[in-house]
Amino acid sequence: MTPTPEWRARYGDRLDAWLAGADNDDLPHLQSFIQGIHRDHAAVLAGSTLSHSSATGQALVATVISP
């Protein structure tokens, strides 16, 4: 079995612990990012846990489209 590359690994089980730790950081840009994750928590969690997420495909499309 081939190991999953890091960029394809799913760590949804770590999301809430990471958010709890990041909530205490005093970095404005990080706080803005975290607020977005909190607003869309269900979608972020699904995208980081479900194997049928389209995130990998979206990353490929973004790479092909970007100048």
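Before reading on, note that the structure itself is shown above.
Criteria and thresholds
- Residues numbered from 1 in each chain as written.
- Predicted model: local features only at pLDDT ≥ 70, side-chain atom pairs only at ≥ 80, totals over all residues.
- Heavy atoms only, no water.
- Helix = DSSP H or I, 4+ residues; strand = E, 2+ residues; numbered from the N terminus.
- Buried < 20%, exposed > 50% of the residue type's maximum accessible area, 1.4 Å probe, protein only.
- Arc of directions from axis to C-beta.
- Contact = heavy atoms within 4.5 Å.
- Phe/Tyr/Trp six-rings, centres within 6.5 Å; stacked < 30°, edge-to-face > 60°.

J.: Help me understand the environment of Ser51, please; the structure alone is not making it clear to me.
T.: In this structure, Ser51 sits in the loop between α3 (41-47) and α4 (55-65). Assessed through its relative accessible area of 68%, Ser51 is described here as exposed. Between the C-alpha atoms of Ser51 and Arg10, which are 41 residues apart in sequence, the distance is 8.1 Å.

J.: What should I look at first to understand helix α1 (residues 15-22) in this one?
T.: Along an α-helix, residues three or four apart share an orientation, since each turn contains 3.6 residues. For α1, every residue scored as buried is listed here: Leu15, Leu19 and Ala22. Buried residues of α1 fall within an arc of 70° about the axis and therefore sit on the same side. If you follow the buried residues of α1, they end up packed against α2 (28-39) and α3.

J.: Explain the packing of aromatic side chains to me, please; I cannot follow it from the model alone.
T.: Pairs of aromatic rings are described using the distance from one ring centre to the other and the angle between the two planes. According to the stated counting rule, one finds 1 aromatic pair in the structure shown. Seen in terms of ring centroids, Trp18 and Phe33 are 6.4 Å apart; in terms of plane orientation they differ by 80°. Their pairing is edge-to-face. Within this pair, whereas Trp18 is found in helix α1, its partner Phe33 is found in helix α2, the two being separated by 15 residues in sequence.

J.: What should I look at first to understand the environment of Ile34 in this one?
T.: Position of Ile34 relative to the elements: it lies in helix α2. Accessibility expressed as a relative area gives 1% for Ile34, which makes it buried. For the pair Ile34 and Trp18, spaced 16 residues apart in the sequence, the C-alpha separation amounts to 9.9 Å. Among all residues touching Ile34, those that are not within four sequence positions of it are Trp18, Leu19, Ala22 and Asp23.

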